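Commentary on secondary and tertiary structure
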Amino acid sequence: MTDGLPDSLIPYDEIVQEALRAVVGRVLGSVATNGGLPGEHHFYITFKTQAPGVDIPQRLIERFPDEMTIVMQNRYWDLLVDDERFSIGLSFNQVPSKLVIPYSAITGFHDPAVNFELRFQAADGPEGPEPHEEAENDAVITPVEDGSNVVSVDFKRKK
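This one's a predicted model, so the numbers in the text were calculated from it and none came from an experiment.

Attention now moves to helix α1 (residues 12-34). Residues lying three or four places apart along an α-helix face the same way, a consequence of the helix completing one turn every 3.6 residues. Here α1 contains 23 residues, and its C-alpha end-to-end distance of 33 Å stays within 8% of the 33 Å for a straight helix at 1.5 Å per residue. Burial in α1 covers these residues: Asp13, Gln17, Leu20, Arg21, Val24, Gly25, Leu28, Gly29 and Val31. Downstream of α1 by a residue or two, glycine 35 has a phi angle that is positive, lying close to 80 degrees.

A separate point is the environment of leucine 20. Along the chain, leucine 20 falls in helix α1. Judged by its relative accessible area of 18%, leucine 20 is buried. Through-space distance from the C-alpha of leucine 20 to that of phenylalanine 120 is 8.4 Å; in sequence the pair is 100 residues apart.

Right, let's talk about the pairing of strand β4 (residues 85-92) for a bit. Burial analysis of β4 places seven of its eight residues in the buried class, which makes it a mostly covered element. The sheet contact formed by strand β3 (residues 76-81) and β4 spans four bridges and is antiparallel. Within the sheet, the bridge partner assigned to tyrosine 76 lies in β4 and is leucine 90. Direction of pairing for β4 relative to strand β5 (residues 95-102): antiparallel, over a ladder of eight bridges.

Before going further, it helps to examine a nonpolar patch on the surface. Together, Ile10, Tyr12 and Ile15 line one region of the surface with nonpolar side chains, adding up to about 310 Å² of accessible area. Relative to the assigned elements, isoleucine 10 resides in the segment before α1. Residue class for isoleucine 10 comes out partly exposed when judged on its relative accessible area of 43%.

Moving on, we come to the sheet that holds β5. Pairing within the open sheet is antiparallel, and its three strands lie in the order β3-β4-β5. Because the sheet does not close on itself, it has two edges, and the strands there are β3 and β5. For this sheet the average axis-to-axis angle between neighbouring strands, irrespective of direction, equals 15 degrees. Sheet strands touched by α1: β3 and β4. Its angle to β3, the strand with the most contacts, is close to 125 degrees.

Per the counting criterion, the structure on display carries three salt bridges. Here aspartate 82 ties to arginine 85 by a salt bridge, and the two come within 3.1 Å at their closest N and O atoms. Residue classification places aspartate 82 among the partly exposed residues on the basis of a relative accessible area of 35%. Arginine 85 gets classed as partly exposed once you look at its relative accessible area, which sits at 35%. Between arginine 119 and glutamate 117 there is a salt bridge; the shortest N-O distance is 2.5 Å. Note on arginine 119: relative accessible area 35%, which makes it partly exposed.

Counted by the stated rule, this structure contains two aromatic pairs. Both rings, one in phenylalanine 43 and one in phenylalanine 109, keep their centres 4.9 Å apart while their planes meet at 40 degrees; by these two values the pair is tilted. Of this pair, phenylalanine 43 sits in strand β1 (residues 43-48) while phenylalanine 109 sits in strand β6 (residues 106-111), and the two are 66 residues apart along the sequence. Given the relative accessible area of 3%, phenylalanine 109 is considered buried.

About the thresholds
- Residues numbered from 1 in each chain as written.
- Predicted model: local features only at pLDDT ≥ 70, side-chain atom pairs only at ≥ 80, totals over all residues.
- Heavy atoms only, no water.
- Helix = DSSP H or I, 4+ residues; strand = E, 2+ residues; numbered from the N terminus.
- Expected span 1.5 Å × (residues − 1).
- Buried < 20%, exposed > 50% of the residue type's maximum accessible area, 1.4 Å probe, protein only.
- Pairing = 2+ DSSP bridges.
- Patch = residues over 30% accessible without salt bridge, like charges linked within 9 Å, V, L, I, M, F, W, Y side chains within 5 Å.
- Areas by Shrake-Rupley, 256 points an atom, 1.4 Å probe, with all protein chains shown as cover.
- Salt bridge = Lys/Arg side-chain N within 4 Å of Asp/Glu carboxyl O.
- Axes fitted to C-alpha atoms, helices over the stretch in contact; angles between N-to-C directions.
- Contact = heavy atoms within 4.5 Å.
- Phe/Tyr/Trp six-rings, centres within 6.5 Å; stacked < 30°, edge-to-face > 60°.

These figures come from the coordinates and say nothing about function on their own.
What follows is the structure, encoded as structure tokens:
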């Protein structure tokens, strides 16, 4: 049963998701240009490890076969940002690693310092990601979860 609204011939959901992912790129670009994170800002970035263009060490893919969350706070290096992706150096269990992550692979971005959050639809599988543990990339953080400043994009397409 339909609610009487016609299916859109304009892919609004894809356009909005792409625009919000560009917000992540702009924020990371600002951090790279300014030489670091300002004040107490730090980021949790969740992404699909098997998405096209993702380049991370095999040991991380084995540990996080579907989705992974990295923490960008105190210990990172070589942050490079362009229009399609970013790369960053992080340490996992004292092992330095370079990660290349296209914005299209990102499913979540959270800055607990100001409780700002963006969530994106996963592009694969109808059942969604399996639960996973957060990547322990040598940061100790206590996020604030009061629900303010959260932007959730969850468009559903009619089939």
